[in-house]
Amino acid sequence: MSQIPVEDQVAMTMNNDEIADATSESNPVDSCSDDFEFFTKIGLTKLQEPSLEHTIIKASFCTGIGDQSELAKKINIVAIHKNSHSSRSREARADSFQVFAKAVADKCGGDANLKYGWYGASRNEICEIVMHGFSWCNTAAGNRYSISLSPAKFAFDSVLSSEADENGLRHVLLCRVILGKQEVLTANSNQFHPTSPEFDSGVDDLSAPRKYIVWSVYMNTHILPSYVISIKTPCLIGSQGFLEANTIKPNSKWVRFPTLISMLSRFLEPSQIASLNKNYSDFREKKITRKQLIERMKEIAGHQAVAAIVDLFAKKENEGSSSSSSKGEAGAAKGR
């Protein structure tokens, strides 16, 4: 596989992770944006909404959220900014990315395994990354040893890692990533380099990755920030005030119902949150079955959103519950 030019490629998230191309010539940009001065003043350019490039990036994000889910319908993409690598330092990082992509491709038989990955953080952190690159002290990076990004079809995970600014906007980075040959890393791994020269990056699951893991020694040569997507959600509510349950947890992937409702409440409207809590209350009072509760949650919030949260929190909840298994907790199994 030949090296893919970074500047003229954008991703269309599809089931098979194929790439749809859109050249910069066919996608005009608007360099003026009073509403996003914090991005334009560091050299980012706002994409015009009718452009092909804007359409592709928007479609990629929406597919990663779940096109038909209630959550996707309520998230409004306010703006998309492109990193044109205008400064000398950013141009140098882009050139370095190309050099390393070629080196990894040569090592891996011609395929550098180039992908797009999502990274959610605060607006200030994203500005720092665009200007100066990643740092091990980035708050959303996971740990000082590596940077974790979400695959293109799991944009929802990056939204959960983002932080709302003073205007209620959340911002996520779409980055080009050199993955090369990957090795599986365990959760909370302190590994800070490949186990052998054979490997170039890490992953949580080879067959169905949810995380692309790039070690800190490679974070500014193997990751290239390409776009910033700014989104508005209708409702951002805290996570307090939900009842705990006292039922044996299932054997499949699970997360406590209160945790699931709490995470969904960040994106849903008050009427939907009230409906979720009403159904949860009915379940605790044995008016509906656990299966009925799960189905109603998926109807209200969307299957994609529920499944994403279950996958994201399953391991953490299972580890946390091992020390207090005598209490028991009700869980929502991932829908099949």
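Starting afresh in each chain, residues are numbered from 1 along the sequence in its written order. Confidence filtering applies because this is a predicted model: local features only for residues at pLDDT of at least 70, side-chain atom pairs given and counted only at 80 or more, and all residues used for totals across whole chains, interfaces and linings. As a convention, hydrogens and water are excluded, and side-chain values are obtained from all of the structure's heavy atoms.

Named according to an unreviewed UniProt entry, the protein is Probable inactive poly [ADP-ribose] polymerase SRO2 isoform X6 originating from Herrania umbratica. UniProt positions are given in the numbering used here, feature names are shortened, and annotations may be inferred rather than shown by experiment. Under the heading Subcellular location (unreviewed entry), UniProt records this for the protein: "Nucleus".

Draft legend 1. Molecular detail of the packing of aromatic side chains. Here is the rule: rings of Phe, Tyr and Trp (six-membered ring for Trp) pair when centre to centre is within 6.5 Å. Planes less than 30 degrees apart are stacked, more than 60 are edge-to-face, and the remainder are tilted. This model, assessed by the stated rule, comprises seven aromatic pairs. Look at Tyr-119 and Phe-134: their rings are 5.2 Å apart centre to centre, the planes differ by 90°, and that puts the pair in the edge-to-face class. Here the residue Tyr-119 occupies a position in strand β4 (residues 114–121), and Phe-134 occupies one in the loop between α5 (123–132) and β5 (142–143), the gap between them amounting to 15 residues. For the pair shown, Tyr-119 and Phe-134 are each scored as buried. Site record: aromatic cluster; members linked through ring pairs are Phe-36, Phe-38 and Phe-39. A ring is scored as having a charge over it whenever the NZ atom of a lysine or the CZ atom of an arginine sits within 6 Å of its centre and within 35 degrees of its normal. It is Arg-123 that lies over the ring of Phe-38; its NZ or CZ is 4.2 Å from the centre. Across from the ring centre of Phe-154, 3.9 Å away, lies the NZ or CZ of Arg-210, which sits over that ring. Runs of E in the DSSP output that reach at least two residues are strands. Runs of H or I that reach at least four are helices, and both are numbered from the N terminus. Note on classification: 1.4 Å probe, protein chains only; a residue is buried when its accessible area is under 20% of the maximum for its type, exposed when over 50%, partly exposed between these limits.

Draft legend 2. Quick look at helix α9 (residues 290–301). By this rule, a helix spans an expected 1.5 Å times one less than how many residues it contains. When the terminal C-alpha atoms of α9 are compared, their 16 Å separation across 12 residues agrees well with the 16 Å that a helix rising 1.5 Å per residue should span. The complete set of buried residues in α9 reads Leu-293, Ile-294, Met-297, Lys-298, Ile-300 and Ala-301. Buried residues of α9 fall within an arc of 165° about the axis and therefore sit on the same side. Exposed residues on α9 whose side chains face more than 90 degrees from its buried face are Lys-291 and Glu-299. Throughout, the arc means the angular range of directions from the helix axis out to the C-beta atoms.

Draft legend 3. Focus on the pairing of strand β3 (residues 76–83). Extensive coverage of β3 is indicated by the burial of six of its eight residues. Across six bridges, the pairing between β3 and strand β11 (residues 223–232) is antiparallel. Bridging from a neighbouring strand, Asn-76 pairs with Lys-232 of β11. Here the rule is simple: two strands pair whenever DSSP picks up at least two bridges between them.

Draft legend 4. Spotlight on unusual backbone geometry. The phi dihedral of His-85 falls on the positive side, at around 55°, and the residue is not glycine. Looking at the element boundaries, His-85 is found in the loop between β3 and α4 (88–107). Judged by its relative accessible area of 8%, His-85 falls in the buried class.

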